[in-house]
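# Results of the structural survey
In case you want the letters, here they are:
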Amino acid sequence: MNRNEPEAEALPPPGHAEVRIVAATPDAARMVAAALRHCFAGGEQRSYPAPGGGTRLHLTVDTAHTAEPVRSWLATSRPPSGTRPHSEEP
């Protein structure tokens, strides 16, 4: 193999995607992985040290199935209905 050619990688199964996250800290990488898991079902994450002292996290997500109903930021930032005091309450 020529050094200038990228190494051949096995493709994930149909309906899945391999996600690689590179971050300066493990917490930052985990936060991104958690956000992805709110949108897609996924498998175990694997983390490795990244060159230069950061963290590299690998995650496989199932793009054919959502993890939970996706709600907009606006909908999730509003307080649940019925949590305000009644008009009769002081």
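Structure first, text after, so check above.
Residues numbered from 1 in each chain as written. Predicted model: local features only at pLDDT ≥ 70, side-chain atom pairs only at ≥ 80, totals over all residues. Heavy atoms only, no water.

### Considerations on the environment of His-16
Worth spelling out the cut-off: Runs of E in the DSSP output that reach at least two residues are strands. Runs of H or I that reach at least four are helices, and both are numbered from the N terminus. Contacts: residue pairs with any heavy atoms within 4.5 Å of one another. Side-chain atoms alone can form a polar contact between residues adjacent in sequence; in general such a contact is a pair of N or O atoms within 3.5 Å, and within protein one must be able to donate a hydrogen while the other accepts it.
Of note, His-16 is situated in strand S1 (residues 16-23). Taking the C-alpha atoms as reference, His-16 lies 9.4 Å from His-65; in sequence the two are 49 residues apart. The residues contacting His-16, other than those within four sequence positions of it, are Thr-60, Val-61, Asp-62 and Thr-63. Looking at His-16, its side chain comes within polar contact range of the main-chain oxygen of Pro-14, at 3.3 Å.

### Points about the pairing of strand S4 (residues 55-66)
Heads up, the rule is: Strand pairing is assigned whenever DSSP detects at least two bridges linking the two strands.
Of the strand pairs in this sheet, S1 and S4 are connected by eight bridges, and their pairing is antiparallel. Residue pairing for S4: Ala-17 is matched across the bridge by Val-61. Relative to S4, strand S2 (residues 40-42) is paired through three bridges, and the arrangement is antiparallel. When the sheet's bridge partners are listed, Gly-42 is paired in S4 with Val-61.

### Focus on the environment of Arg-20
Relative to the helices and strands, Arg-20 resides in strand S1. A sequence separation of 39 residues divides Arg-20 from Leu-59, and the C-alpha atoms of the two residues are 6.5 Å apart.

### Looking at the side chain of His-58
Here His-58 lies in strand S4. Those residues in contact with His-58 that lie beyond four places of it in its chain are Val-19, Arg-20, Glu-44, Gln-45, Arg-46 and Tyr-48.

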